[in-house]
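Inside the fold
Here is how the chains run, residue by residue.
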Amino acid sequence: MNIFIMGAPGSGKGTFSSRIKDEFNLNHISTGDIFRANIANDTPLGQQAKAYTEKGLLVPDEITNKMVADYLANLTDKKNGYLLDGYPRTLDQAKAFEQMTKGTDLAVDVVVAMDVPFDVLTKRITGRRTCKKCGAIYNIYTTPPQTEEICDVCGEPLSQRKDDNEESLKVRLDEYAKNTEPVIAYYEEKGIVKHINADRGIDEIWSSIQEALKN
Ligand SMILES: [Zn+2]
């Protein structure tokens, strides 16, 4: 079984990817891993990609697509399939991937869409606080400390990650809506999308995912 998992920042994609991978014995691959492997092994595609990233430019779809397809084709341990995270990011990538894998055992079978309303994601991310001293994690909306912005455990002031503010999150969510939502719609037409209501407790989300993938 080959799976794409899609979800906006804060949708819990990371947590559930690792559970899906274990439960169904899949290769869990992110495009980041693929880029790093190509660059580390100094492949021709890696060299091309590096030329773009060194200039601070986005790697063109054509190179990304080839890298992903090559990587999947050359996996020595195929397990029961793959779980791909962070790809395809755009409709063009989705169409190219389809062209490259149509009729092969690399074609995607299921797309898991982690659905969380954007206002919930905003609270999850902008509410996040951590204690640099002891590593405790809070959310000012759902699991606040007893004293505002102070760690319950050690009394240190809490901190917020630089990217967790409303403005940078808005950029990421807008990008997701603009680029990735059309990808989900594309697979929807093919009838392979499993929508998961990911605005619930972890156990409930996990049961829905298992049910969706077992059918
Ligand atoms: Zn602390």
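Presented here is an overview of the structure given in this document. On a predicted model such as this, the values are computed, not experimentally measured, just so you know.

Moving on, we come to the coordination of the zinc ion. Those protein atoms acting as donors to the zinc ion are Cys131 (SG), Cys134 (SG), Cys151 (SG) and Cys154 (SG), and they sit at 2.3 Å. One can describe the site at the zinc ion as tetrahedral: its four donor atoms subtend angles covering 100 to 118° at the metal. On the accessibility criterion, cysteine 151 (3% relative accessible area) is buried.

For the rest of this paragraph, the subject is the packing of aromatic side chains. For any pair of aromatic rings, geometry is given as the distance between the ring centres together with the angle between the planes. Taken as a whole and judged by the stated rule, the model has six aromatic pairs. Centroid distance phenylalanine 4 to tyrosine 87: 6.4 Å. Interplanar angle 80°. Geometry classified as edge-to-face. Taken together, the positions of phenylalanine 4 in strand 1 (residues 3-7) and tyrosine 87 in the loop between strand 3 (82-85) and helix 5 (91-101) put the pair 83 residues apart, joining distant regions of the chain. A single burial state applies to phenylalanine 4 and to tyrosine 87, both of which are buried. Ring centres of tyrosine 87 and phenylalanine 97 lie 5.6 Å apart, and the angle between their planes is 70°; this geometry places the pair in the edge-to-face category. With tyrosine 87 in the loop between strand 3 and helix 5 and phenylalanine 97 in helix 5, this pair connects stretches of sequence that are ten residues apart. No difference in accessibility class separates tyrosine 87 from phenylalanine 97, as the two residues are buried. Put simply, the rings of Phe4, Tyr82, Tyr87, Phe97, Tyr186 and Tyr187 pair up and form one aromatic cluster. Positioned above the aromatic ring of tyrosine 141, the side-chain terminus of lysine 123 is 5.4 Å from the ring centre.

Moving on, we get to helix 1 (residues 13-24). In an α-helix, one full turn covers 3.6 residues, which means residues spaced three or four apart are oriented alike. Look at helix 1: 16 Å from first C-alpha to last across twelve residues, which is about the 16 Å you get at 1.5 Å a residue. Turning to helix 1, its buried residues are Phe16, Ser17, Ile20 and Phe24. Within helix 1, the buried residues cover an arc of 110° as seen down the axis, which keeps them to one side. The inward-facing, buried residues of helix 1 contact strand 1, strand 2 (27-30), strand 3, strand 4 (110-115) and helix 8 (202-214). Following helix 1 by one or two positions, asparagine 25 adopts a phi angle in the positive range, close to 50°.

For the pair helix 2 (residues 31-40) and helix 3 (residues 44-54), the least separation of the axes is 7 Å and the interaxial angle reads 110°. By the angle between their directions, the pair helix 2 and helix 3 is classed as roughly perpendicular. For the pair helix 2 and helix 3, the contacting residues are Phe35, Asn38 and Ile39 in the first and Leu45, Gly46, Ala49 and Lys50 in the second. Tallied by class, residues from the contact of helix 2 with helix 3 come to four nonpolar, two polar and one charged.

Of all six residues that make up strand 4, five are buried, and the element is covered over most of its length. Where strand 1 lies against strand 4, five bridges are found, and the strand directions are parallel. Residue pairing in the sheet places isoleucine 5 in a bridge with valine 112 of strand 4. As defined by bridge partners, strand 4 adjoins strand 7 (residues 193-197) across five bridges and the pair is classed as parallel. Within the sheet, the bridge partner assigned to aspartate 115 lies in strand 7 and is asparagine 197.

A few words now on the nonpolar core. Ranked by size, the top nonpolar core spans 52 residues in total, and within it Phe4, Ile20 and Tyr187 carry the most contacts. The element best represented in this core is helix 7 (residues 166-189), accounting for seven residues. When sequence neighbours within four positions are dropped, the list of residues in contact with phenylalanine 4 reads Tyr82, Leu84, Tyr87, Pro88, Phe97, Val108, Val110, Val111, Val112 and Tyr187. In this structure, Ala136, Tyr138, Cys151 and Leu158 belong to the second largest nonpolar core, which totals five residues.

The rules behind each value
Residues numbered from 1 in each chain as written. Predicted model: local features only at pLDDT ≥ 70, side-chain atom pairs only at ≥ 80, totals over all residues. Heavy atoms only, no water. Donors = N, O, S within 2.8 Å, 3.2 Å for Na, K, Ca; no water. Tetrahedral: all angles 85-135°; square planar, octahedral: opposite > 155°, others 65-115°. Buried < 20%, exposed > 50% of the residue type's maximum accessible area, 1.4 Å probe, protein only. Phe/Tyr/Trp six-rings, centres within 6.5 Å; stacked < 30°, edge-to-face > 60°. Helix = DSSP H or I, 4+ residues; strand = E, 2+ residues; numbered from the N terminus. Lys NZ or Arg CZ within 6 Å of the ring centre and 35° of its normal. Expected span 1.5 Å × (residues − 1). Arc of directions from axis to C-beta. Contact = heavy atoms within 4.5 Å. Axes fitted to C-alpha atoms, helices over the stretch in contact; angles between N-to-C directions. Parallel < 35°, antiparallel > 145°, perpendicular 65-115°, else oblique. Nonpolar A, V, L, I, M, F, W, Y, C, P; charged D, E, K, R; others polar. Pairing = 2+ DSSP bridges. Core = buried A, V, L, I, M, F, W, Y, C linked by side-chain atoms within 4.5 Å.

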